[in-house]
Each structure stands twice: as C-alpha cells, then as structure tokens.
Amino acid sequence: MSHTASVLFVCLGNICRSPLAEAAFRAAADEAGLDVHVDSVGTAGYHIGEPPDPRSIRTAAARGIDITHYRGRQLQTRDFHEFTHIFAMDQDNLRNIKACAPDDAIAEISLLLDLLPDRTGDEVGDPYYGGDDGFDRTWAEVSDAAAALVKLFED
Ligand code: 4NP
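Residues numbered from 1 in each chain as written. Predicted model: local features only at pLDDT ≥ 70, side-chain atom pairs only at ≥ 80, totals over all residues. Heavy atoms only, no water.

A.B. asks: Quick one: what's the story with the environment of Asp-39, residue by residue and with numbers?
C.D. replies: As for its placement among the helices and strands, Asp-39 is situated in strand S2 (residues 35–42). Taking the relative accessible area as the measure of exposure, Asp-39 reaches 23% and is therefore partly exposed. Between the alpha carbons of Asp-39 and Ala-107 there is a distance of 14 Å; along the sequence they are 68 residues apart. Setting aside anything within four residues of it in sequence, one finds Asp-39 in contact with Val-7, Leu-8, Phe-9, Glu-22, Arg-73 and Phe-83. (Helix = DSSP H or I, 4+ residues; strand = E, 2+ residues; numbered from the N terminus. Buried < 20%, exposed > 50% of the residue type's maximum accessible area, 1.4 Å probe, protein only. Contact = heavy atoms within 4.5 Å.)

A.B. asks: Describe helix H1 (residues 17–32), listing the residues and the values that go with them.
C.D. replies: Taking 1.5 Å per residue, 16 residues should reach 22 Å; H1 reaches 23 Å between its end C-alpha atoms and fits that length. Of the residues making up H1, those classed as buried are Arg-17, Ser-18, Pro-19, Leu-20, Ala-21, Glu-22, Ala-23, Ala-24, Phe-25 and Ala-29. Phi turns positive, to about 70°, at Gly-33, one or two residues after H1. (Expected span 1.5 Å × (residues − 1).)

A.B. asks: Report on the site of the ligand, specifying residues and quantitative values.
C.D. replies: In the vicinity of the ligand, the contacting residues are Cys-11, Leu-12, Gly-13, Asn-14, Ile-15, Cys-16, Arg-17, Tyr-46, His-47, Asp-126, Tyr-128 and Tyr-129. At a separation of 2.8 Å, an oxygen atom of the ligand approaches a polar backbone atom of Gly-13. The contact in question runs from an oxygen atom of the ligand to an N or O atom on the side chain of Arg-17, over 2.7 Å. When the ligand sits alone it has 360 Å² of accessible area, and the protein chains cover 92% of it. The cavity where the ligand resides is the largest pocket. Here the shell around the ligand is built from residues that sort into seven nonpolar, three polar and two charged. (Near = heavy atom within 4 Å. Polar contact = N/O pair within 3.5 Å; in protein donor to acceptor, adjacent residues only side chain to side chain. Areas by Shrake-Rupley, 256 points an atom, 1.4 Å probe, with all protein chains shown as cover. 1 Å grid on protein atoms, 1.4 Å probe; cavity = no way out; pocket = protein on both sides within 12 Å on 5 of 7 lines; lining within 4 Å. Sits in = over half its atoms within 2 Å of the grid points. Nonpolar A, V, L, I, M, F, W, Y, C, P; charged D, E, K, R; others polar.)

A.B. asks: Can you lay out the pattern of salt bridges for me, pointing to particular residues and giving the numbers?
C.D. replies: In total, this model carries 13 salt bridges according to the counting rule given. For Arg-78, the salt bridge identified is with Glu-82, shortest N-O distance 3.0 Å. Looking at Glu-82, the relative accessible area reads 34%, which means it is partly exposed. Across the pair Asp-92 and Arg-95 runs a salt bridge whose closest N-O atoms are separated by 2.5 Å. In this pair, Asp-92 and Arg-95 both sit in helix H4 (residues 91–100), three residues apart, roughly one turn of the helix. By relative accessible area, which is 47% here, Asp-92 ends up partly exposed. (Salt bridge = Lys/Arg side-chain N within 4 Å of Asp/Glu carboxyl O.)

A.B. asks: I'd like a rundown of the layout of surface pockets, residues and numbers included.
C.D. replies: The space that makes up the largest pocket amounts to roughly 170 Å³. Taken together, Cys-11, Leu-12, Gly-13, Ile-15, Cys-16, Arg-17, Tyr-46, His-47, Asp-126, Tyr-128 and Tyr-129 make up the full set of residues lining the largest pocket. Of the residues that constitute the lining of the largest pocket, the class distribution is seven nonpolar, two polar and two charged. (Points joined across faces, edges and corners; volume = space filled by probe spheres on them.)

Written out as structure tokens, the structure is:
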C-alpha cells in the first residue's frame, strides 16, 4: 500500500463534525485498502485535549467505530504543510482556514460537501445545539463525502 492521501478535516470545535468525518474516512479508506494519513482539528481552541462529544461517540459506536481515543486539537500553521487536502465543514470555517494559510501552503482547501456534485457549496450543519438525530444527519453527510474521497484517491 502506498501513502496516497493526507487529509485534514476541520470544524469549529473538533468534537462533533470533524471527528466523525475523520472516522468515516478512516473506515472507508480501510475498506478500500487505501493507506491514509488523516486527522481532524478545530479552528477554535475550546476543546483542546478533550474527547469527542458523547453524541459523536455514540454515533460512531452505532456504526461499529470507536473514537473515544480521539482528542481535540486546534488548526496550526504546520498543518498547511503536512496535509495535501484540507476539508472545511462550513463556510465560516473555510474562511478562517484560508485566513490562516501561509503563502507556501501545499494543502488544497475546500468545502467537504464540494466532493458531492449535487451538494456543491453546501455546509455540514453544526449539530452541537441539537439532539442525536442531528448527528445521524452529520454521519450521513460525512460518510457520503468520505466515500467520494476514497474514489477520488483510487482513480
Ligand atoms: P463542531 O461543533 O464544530 O462540529 O465540533 C461544535 C462544538 C463545540 C462548540 C461549537 C460547535 N462550542 O461552541 O463549544
């Protein structure tokens, strides 16, 4: 297996959406036999060092995936050199990521749902203030995008 993909998923807090995107992509890449370098971060530092939100942990666990060992991390300048692809969950985060990007960044920066032709420009909405059903919707979105991303790296 070659090292083909280095992907960073970014939301605000790194406890709800981006850990689920990371988990979905790891699972899809594993299944496809794709070697990946993957991580997730937040643009904000509210939850540095914390495990994912319990609702995210439950959502992943319901799909047989353990994310209890994930820990919150904030976007850093070196991420723009370490990752070839940076995916933002929403427009606010996309703007903030671009504002932090150094001139010599190697990362391509885009919205996650731009990977889905019929969802271009759409956001993975923040499920933080809602119930568990919002997290199921998040899972559906990030796992569709993860499947599309695996296809892209396989081609
Ligand atoms: P996330 O959700 O960006 O998907 O991780 C949020 C998590 C925490 C907060 C906001 C959104 N917060 O305000 O603490």
